[in-house]
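Notes for the structure review
Chain by chain, the residues:
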Amino acid sequence: MHPELFDESRLAAALAELPGWAPLPGGRAIGKTFRFADFNAAFGWMGRVALMAERLDHHPDWRNVYGRVEVVLTTHDAGGVTGRDIALARFMDEAAR
């Protein structure tokens with residue numbers, strides 16, 4: 001069974017509670033850029049997120065350049081954003097604090 005795809009209004013409501021996250025063109029993914037003091041801080045955060053992603057069986061598309069990590073979340077099986085993406089986005093925000 002595939003996770004339930006968020007419609008526009010449900011996605012907007014979820015993103016209203018996730019500062020810095022935004023729908024990407026096409027509305028099938030959300031994205032955010034995280035900034036850290038240096039590479040070690042960014043990579044440490046990525047390690048914490050990777051462990052949670054494994055537990056959730058939901059993995060981000062991301063790119064790391066020194067202290068910056070660009071993240072894209074989508075549920076490929078569902079063809080867009082689902083609760084899995086929102087849960088991982090929340091965890092990422094909490095881990096970045």
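Residues numbered from 1 in each chain as written. Predicted model: local features only at pLDDT ≥ 70, side-chain atom pairs only at ≥ 80, totals over all residues. Heavy atoms only, no water.

The next thing to look at is a nonpolar patch on the surface. A contiguous nonpolar surface patch, about 410 Å² in accessible area, is contributed by Phe39, Phe43, Val65 and Tyr66. Relative to the helices and strands, valine 65 is located in strand S3 (residues 61-65). (Patch = residues over 30% accessible without salt bridge, like charges linked within 9 Å, V, L, I, M, F, W, Y side chains within 5 Å. Areas by Shrake-Rupley, 256 points an atom, 1.4 Å probe, with all protein chains shown as cover. Salt bridge = Lys/Arg side-chain N within 4 Å of Asp/Glu carboxyl O. Helix = DSSP H or I, 4+ residues; strand = E, 2+ residues; numbered from the N terminus.)

What follows covers the pattern of salt bridges. Evaluated as defined, the whole model comprises five salt bridges. Where aspartate 93 meets lysine 32, a salt bridge forms, and the shortest distance between an N and an O atom there is 2.8 Å. One end of the pair, aspartate 93, is in helix H3 (residues 83-96); the other, lysine 32, is in strand S2 (residues 30-35), with 61 residues separating them in the sequence. The salt bridge involving arginine 63 is made with glutamate 70; its shortest N-O contact spans 3.7 Å. Judged by relative accessible area, glutamate 70 falls into the partly exposed class, the value being 28%. One network of salt bridges, in which partners are shared, links Arg63, Arg68 and Glu70. (Buried < 20%, exposed > 50% of the residue type's maximum accessible area, 1.4 Å probe, protein only.)

This paragraph deals with the nonpolar core. Membership of the largest hydrophobic core comes to 23 residues, with the highest contact counts inside it found for Trp21, Ile30, Trp45, Val71, Leu73, Ile86 and Met92. Excluding anything up to four places from it in sequence, valine 71 contacts Trp21, Ile30, Gly31, Lys32, Phe34, Trp45, Pro60, Asp61, Trp62 and Met92. (Core = buried A, V, L, I, M, F, W, Y, C linked by side-chain atoms within 4.5 Å. Contact = heavy atoms within 4.5 Å.)

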